[in-house]
Amino acid sequence: MANSDINRFQNKTETYTLTEATKKLEGYCAYQERCHKEVVQKLRNMNMITEAIDEIVSHLIQENYLNEERFAQSFARGKFNIKKWGRNRIVNELKFRGISKYNIKTALKEIEDEAYLSTLDTLSLKRLEAIKETNHQKRRKKLADYLLYRGWESHLVYGKVKELIP
């Protein structure tokens, strides 16, 4: 096999027609809620040109495959219920994904205050049991660091730490 043939096979990238890419992205969005940023990145990885990306994204929005408000709400619910993230972490992750302030505010309404505080209690107690440190100050710091890392608001964290480790 000649050198040029080898290079041709190594550089072969799959190409898609507009219809093929649209169908592929419809499936991608139907499988799970997606934000615009993820969809555009997927299309770029498929080597689609800018005009095609714009057309496909427009189609996905019109056909309701792509809806950022729905994505943000689903994301907030999921990260809170499954990963036990606090509001700060959820907001930061949504901002990173390019979600608007309006949609972030709407998404946070998905988390009820009562459930939020209850989850903080449960998470704090569970973590406190896992901390083997005997020094009270170090226990406080470890618990606070853990909760802050997960995105819980500092006033709630420090109040909880004070309550659990007097």
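All figures in this text were calculated on a predicted structure; none of them were measured in a lab.

K.L.:
What exactly am I supposed to notice about the pattern of salt bridges here?
P.N.:
Opposite charge on two side chains makes pairing possible when the charged atoms of those side chains draw close. A complete count under the given rule lists nine salt bridges for this structure. Asp 145 is the salt-bridge partner of Lys 141, the closest N and O atoms lying 2.7 Å from each other. Taken together, the positions of Lys 141 and Asp 145, both in helix 9 (residues 136-149) and four residues apart, correspond to about one turn of that helix. Overall, Lys 141 belongs to the exposed group, its relative accessible area being 52%. The partly exposed category is assigned to Asp 145, whose relative accessible area is 38%. Between Lys 160 and Glu 163 there is a salt bridge, with the nearest N and O atoms lying 3.2 Å from each other. Of the two residues, Lys 160 and Glu 163 both sit in helix 10 (residues 154-164), three residues apart, roughly one turn of that helix. You can call Glu 163 exposed: its relative accessible area is 54%.

K.L.:
Is there a simple way to explain the nonpolar core in this structure?
P.N.:
One broad trend across soluble globular proteins is that nonpolar side chains are buried collectively. The biggest cluster of nonpolar side chains holds 29 residues, and the ones touching the most others in it are Ile 90, Leu 94, Ile 99, Leu 143, Leu 147 and Trp 152. Mapped by element, the contributors of at least two residues to this core are helix 5 (68-81), helix 6 (87-96), helix 7 (101-108), helix 8 (113-130), helix 9 and helix 10. Looking at this core, the element that brings in the most residues is helix 5, giving five residues. In contact with Leu 94, not counting residues within four places along its chain, are Phe 71, Ala 72, Phe 75, Ile 99, Ile 104 and Ala 107. In this structure, Ala 21, Leu 25, Val 39 and Ala 52 belong to the second largest nonpolar core, which totals 14 residues.

K.L.:
Which parts of the structure should I look at to understand the environment of Ser 100?
P.N.:
With respect to the helices, strands and loops of the structure, Ser 100 is situated in the loop between helix 6 and helix 7. Placed 31 residues apart in sequence, Ser 100 and Glu 69 show a C-alpha to C-alpha distance of 8.9 Å.

About the cut-offs
- Residues numbered from 1 in each chain as written.
- Predicted model: local features only at pLDDT ≥ 70, side-chain atom pairs only at ≥ 80, totals over all residues.
- Heavy atoms only, no water.
- Salt bridge = Lys/Arg side-chain N within 4 Å of Asp/Glu carboxyl O.
- Helix = DSSP H or I, 4+ residues; strand = E, 2+ residues; numbered from the N terminus.
- Buried < 20%, exposed > 50% of the residue type's maximum accessible area, 1.4 Å probe, protein only.
- Core = buried A, V, L, I, M, F, W, Y, C linked by side-chain atoms within 4.5 Å.
- Contact = heavy atoms within 4.5 Å.

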